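# Architecture and fold: a report
What follows is the residue order along each chain.
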Amino acid sequence: MSRADEAVTNVTAVDTERVGTYVREMGPSWVAGAVAAGPATMASVVTAGAAFGYRLLWIVVLSAVLGALAQYLAMRLGLFTEDGIVSVVERHLGASWAWILVVDAVLAAGLAQLVIMKGLADVSAAATGIDARVWGVAWAVVLAVGLAGRGYRFVETAAKLLVSAVVLAFLASLLVVPVDPAAAASGLVPRIPAGVDGALVAAGVLGGAVHITLVTMHSYTMRSRGWTTEDYGLATFDVGLSMLGAFGAFSVAIFLVAAGVLHDPSIAANELTAVAAAQTLGPLVGPNAKWLFLLGLWGAAVSTLGGNTVVPPFLIADKLGWETDIEDGRYRAALVAVALLSAVGAFVGGSFFPLLVLVLAFGLVGTPFVLVVVLYLLNSDAVSESNSTLANVGGVALLAVAATTAGSFVREQVAGGLADPTTLFVAAFSLFVGVATLALVARYLRERFAGTGGVVEA
């Protein structure tokens, strides 16, 4: 074993004797996990179970595995560079590629922000009878004040408690919900139901865990904790317990309950509502199912909205050379602006659940590009230790699944015609990130086979 190999072994080993310390100190991946385990994922997996029964269980399980893998690769890049992903891209790939990454991620995060705010406003309106638009403005102000005034940790903690309660409720529901083991087992066979709805829901489920915002935010959250390569074991444990463990249990439990109780062949994926989904908790809490579900949805929305709000300011600040903390007035102003602009979401028409699934699928379309960026940098001189063969194989498999699922969604959308503005936007965005992804792959292969290993300014 070479000195470099020994260093990697020492850095990457998870010390089982330090599990108690790991549990106390973990955190950055849980921020991503809190965003992933939000109303968008709830909408996607409930819709999948309600509309298609157990047939999409395979992609729910796969989403947790691939989500953990995506965070692990992002973690490696963040630890070995000890910098934000945008700065690393600009330094090693060029300014143009950095701007493409910023545009890709900000669009995905921005659309998600609007729809999540719509959900939070709608749930608040359902609980109080006050107009959702009033709630949208009120929540935007609360979010802006909280984030700018260092109150986010409290908001996040309170929201996570609510989300945890709902997760426990769904896990408990599995004890009384009539889950069909044979049908569930058949759902582990990979297949996507025919039609636009099947491709859309599959893309939405995967997009909840493998999403450009989760990958890009990870380097910044680890920087805020000051983690370095010496914290590799802690960071690996952090990813495994949050994404593979907690998020996996969250997704699978909700899906099985929905498939076992709510599945009805007459349910259309584009017509499911939050109130209908609330019936999935009926076996556990009877007439209070609606309110418990809406309370959990509210908590998940608060938690996700806070985490998602910081993504665009992180990326923009990093690109413009600002500090990525509220001590920098420019970053603080960007946080406030994103928070206040999210109020627009309360004025968006349409049903909350289908919109959430759509924005997750849209985010998945932009994810292959950032995965290629991460894999490229992890196999370049941007990091002190290149990716292992196993990590590269896993990364390429992750990229293939994400690209195939996103491609299936885009193909089904376009097959329905380009008259709809939403379809046109999805098609244009897909073409933009698709060309950028292929160009970056071609650049890597050219450098790799030319043996240059150098940096070519974009």
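Just so it is clear, the model here is predicted, and its values are computed rather than measured. (Residues numbered from 1 in each chain as written. Predicted model: local features only at pLDDT ≥ 70, side-chain atom pairs only at ≥ 80, totals over all residues. Heavy atoms only, no water.)

Moving on, we get to the packing of aromatic side chains. Describing an aromatic ring pair means giving the distance of the ring centres and the angle of the ring planes. A full pass over the atoms with the stated rule returns eleven aromatic pairs. Plain terms: the ring middles of Tyr22 and Phe237 are 5.3 Å apart, the flat faces sit at 40 degrees to each other, and that makes the pair tilted. Residue Tyr22 is found in helix 2 (residues 19–25), and its partner Phe237 is found in helix 13 (residues 232–262); the two are separated by 215 residues along the sequence. Residue class for Phe237 comes out buried when judged on its relative accessible area of 18%. Here Tyr72 and Tyr232 contribute two aromatic rings whose centre-to-centre distance is 6.3 Å and whose plane-to-plane angle is 75 degrees, an arrangement assigned as edge-to-face. Of the two residues, Tyr72 is situated in helix 5 (residues 57–81) and Tyr232 in helix 13; the sequence distance between them amounts to 160 residues. A connected cluster of aromatic rings, assembled from ring pairs, spans Tyr72, Phe80 and Tyr232. (Phe/Tyr/Trp six-rings, centres within 6.5 Å; stacked < 30°, edge-to-face > 60°. Helix = DSSP H or I, 4+ residues; strand = E, 2+ residues; numbered from the N terminus. Buried < 20%, exposed > 50% of the residue type's maximum accessible area, 1.4 Å probe, protein only.)

Its place among the elements puts Val344 in the loop between helix 18 (329–341) and helix 19 (352–378). With 208 residues separating them in the primary sequence, Val344 and Gly136 have C-alpha atoms 7.4 Å apart.

Moving on to the nonpolar core. Ranked by internal contacts, the top residues of the largest apolar core, which has 135 residues, are Leu56, Ile85, Val89 and Phe255. At 20 residues, the largest contribution of residues to this core is made by helix 19. When sequence neighbours within four positions are dropped, the list of residues in contact with Leu56 reads Ala48, Gly187, Arg191, Pro193, Val201, Ala202 and Phe255. (Core = buried A, V, L, I, M, F, W, Y, C linked by side-chain atoms within 4.5 Å. Contact = heavy atoms within 4.5 Å.)

Counted by the stated rule, this structure contains seven salt bridges. Across the salt bridge formed by Arg91 and Asp83, the nearest N and O atoms sit 2.9 Å from each other. Across the pair Glu90 and Lys319 runs a salt bridge whose closest N-O atoms are separated by 3.3 Å. Linking Glu90 in helix 6 (residues 85–92) with Lys319 in helix 17 (residues 311–320), this pair joins segments that are 229 residues apart in sequence. A relative accessible area of 27% places Glu90 in the partly exposed class. Here Lys319 falls in the buried class, since its relative accessible area comes to 11%. (Salt bridge = Lys/Arg side-chain N within 4 Å of Asp/Glu carboxyl O.)

Turning our eyes to something else, we now look at helix 18. End to end, helix 18 covers 18 Å across 13 residues, agreeing with the expected 18 Å (1.5 Å per residue, within 8%). For helix 18, the complete set of buried residues consists of Tyr331, Ala334, Leu335, Val338 and Ala339. Looking straight down helix 18, one finds that the buried residues subtend no more than 130 degrees of arc, so they occupy a single side. By the N-cap criterion, in which a side-chain oxygen at the helix start approaches the backbone nitrogen of a residue two or three places on, helix 18 is capped by Asp328, the distance to Arg330 being 2.9 Å. (Expected span 1.5 Å × (residues − 1). Arc of directions from axis to C-beta. Polar contact = N/O pair within 3.5 Å; in protein donor to acceptor, adjacent residues only side chain to side chain.)

Between helix 6 and helix 17, the least distance of the axes is 8 Å, while the angle of their chain directions is 35 degrees. When you trace helix 6 past helix 17, the crossing you get is right-handed. Across from Ile85, Val86, Ser87 and Glu90 in helix 6, the residues of helix 17 making contact are Leu315, Asp318 and Lys319. Across the contact of helix 6 with helix 17, the residue classes break down as three nonpolar, one polar and three charged. (Axes fitted to C-alpha atoms, helices over the stretch in contact; angles between N-to-C directions. Left-handed = near helix turned anticlockwise from the far one by under 90°. Nonpolar A, V, L, I, M, F, W, Y, C, P; charged D, E, K, R; others polar.)

Looking now at the packing of helix 7 (residues 95–128) against helix 19. Viewed as axis vectors pointing N to C, helix 7 and helix 19 meet at an angle of 165 degrees, and their least axial separation amounts to 10 Å. Looking at the two axes, helix 7 sits roughly antiparallel to helix 19. You can see that helix 7 and helix 19 cross each other, and the crossing is left-handed. (Parallel < 35°, antiparallel > 145°, perpendicular 65-115°, else oblique.)

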